[in-house]
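# Observations on the model geometry
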Amino acid sequence: MKYKDYYAALGVPRDADAEAIKKAYRKLARQYHPDVSKTADTEAKFKEIGEAYATLKDPEKRAAYDELGRRPQGQEFRPPPDWAHEFGADGQSFENVDLSDLFDMLGRRHRGGAQHGPVPMHGRDYETAVRVSLEDAQRGAKVNLNFQDEGGERTLEVTIPPGVTEGQRLRLRGKGGKGRNGGADGDIYLHITLAPHPVFRPDNHDLHFDLALAPWEAALGAEIEVPTLDGPVLLTVPPSTRSGRKLRLRGRGLANGKGGHGDLYAIVHIDMPATLTERERELFKELAAASHFNPRAVAAKEKAS
Amino acid sequence: MTAAAQVAWLDARETVTVTELSRVSGLTQSELEELVEYGALAPVQRTQTTLVFSAACVAPLRHAVRLRTDYDLDLFMVGMLLDYLQRIEDLEKQVRSLKAQLPKHAHPPHHEGPEPWHEPHG
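Thresholds applied
- Residues numbered from 1 in each chain as written.
- Chains lettered and ligands numbered in written order.
- Predicted model: local features only at pLDDT ≥ 70, side-chain atom pairs only at ≥ 80, totals over all residues.
- Heavy atoms only, no water.
- Helix = DSSP H or I, 4+ residues; strand = E, 2+ residues; numbered from the N terminus.
- Buried < 20%, exposed > 50% of the residue type's maximum accessible area, 1.4 Å probe, protein only.
- Contact = heavy atoms within 4.5 Å.
- Areas by Shrake-Rupley, 256 points an atom, 1.4 Å probe, with all protein chains shown as cover.
- Axes fitted to C-alpha atoms, helices over the stretch in contact; angles between N-to-C directions.
- Parallel < 35°, antiparallel > 145°, perpendicular 65-115°, else oblique.
- Pairing = 2+ DSSP bridges.

With that out of the way, let us pick up the overall build of chain B. Within chain B, the secondary structure is distributed over 5 helices and 4 strands. Seen in sequence order, chain B has helices and strands lined up from the N terminus as α-β-β-α-α-β-β-α-α. Expressed as a percentage of its 122 residues, the buried residues of chain B come to 39%. A separation threshold of at least 6 residues defines the contact pool for chain B, and within that pool the share at least 24 residues apart is 53%. Carbon and sulfur atoms provide 56% of the accessible area of chain B, an area that totals close to 7,100 Å².

Residues and elements named next belong to chain A. One can describe the packing of helix H3 (residues 40-56) onto helix H4 (residues 59-67) by two numbers: an axis separation of 6 Å at closest approach and a directional angle of 105°. As the angle between them shows, H3 and H4 are arranged roughly perpendicular. Side by side, H3 and H4 meet where Ala54, Thr55 and Leu56 of the first sit next to Lys61, Arg62 and Tyr65 of the second.

Residues and elements named next belong to chain B. Spatial strand order, S2-S4-S3: 3 strands in an open sheet with antiparallel pairing. Edge positions in the sheet fall to strand S2 (15-17) and strand S3 (45-46), since each has one partner strand and no second. Note: S3 against strand S4 (residues 51-54), 2 bridges, orientation antiparallel. Looking across to S4, one finds that Arg46 is bridged to Leu51.

A separate point is the sheet that holds strand S6 (residues 201-203) of chain A. With mixed pairing, the 4 strands of this open sheet are ordered in space as S6-S7-S11-S10 (chain A). The open sheet is flanked by S6 and strand S10 (246-249) of chain A, the only strands paired with a single partner. Here the average twist between neighbouring strands, direction ignored, is 30°. Taken together, the 4 bridges between S10 of chain A and strand S11 (residues 264-270) of chain A define a ladder with antiparallel strand orientation. Across the sheet, Arg248 of chain A pairs through a bridge with Tyr265 of chain A, a residue of S11 of chain A. Sheet strands in contact with helix H5 (residues 75-101) of chain B are S6, strand S7 (206-213), S10 and S11 of chain A, and its direction is about 135° off that of S6 of chain A.

Here it is in structure tokens:
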């Protein structure tokens, strides 16, 4: 087993009191917390100070740690023979046990009272984010996750069920690290995010997209082919459709995983040709002369009152 | 166990017992009961023998418990964090929903997002 200098990790003297240790730890935790800093070495540093503090904050663990004496960082050593009994596994080898695991187990034994035999330990849980396309969210998908665990790099294929949405959390039971001494295997926690789609914007299981209409399509109504995740369908645009109106295609959104689907919304905006042909200009002029429609009439009335 | 049974949806469609929540959060049952007393956790069902919670609380609770460990906070602080984390999640959901409903041209420039659907003119 390799010795780790927990006092040096926290930058405190070996006779520091509990309050000084806590203060030093919190200061470093703020500096190296993964929510604050994302670089690889800060993650390792955060783990190191966390491990040091977990032992030094607990008077019993700290006393046991102090029993090991002062050694150079990383030096190989054997824990005192009576620790095997304390650890609960008479004659059990410490070879594949990390110093932090050892103190963790000692702590558990003390909390759990006078048990005999090895202490059951749950396998490690893993948390990871997975980005999937809308199409995969709709149909479900298999993704490969890479983990760094005790045994090194591990790739695990997991199945994302159909019906996930942005921000969905899933728990994959028993897919995490192996439990020890009869403890249950750990879990994997997945945080799903959806990759941006060139057309659709998801809102839970509903989908939104922008539908550009020519002025005459908006005025007269039209049957327009629009995209859905399952292929194009015909949408009836009613006459006198205003810009900003939402046209709903019921059940054409994302699958919700329970047999149903969200809705698909076409958000209308009325587009104009960049330049008008002479004929188009004439027709618009004719329309302007013939129509009594004033889109600002309501606003004008409100202003007057 | 089937593949489907191994996947738990951590949202309001599933529930967890206090025993299971204790397992996944790392808090003891009495700590969870204390959070219920603080009003930070609300059981969806309370029987004489157990408490049942919405599975939606699992992720924010695990996050709050991780922060507790990371900064050596007390249990009351976990309750406070849980409130705030759930509120942030709700607000993020609302922002996402509002963004989805905004037409593309109303989105801020340089936004990594979808392109509008254009029908050819006339």
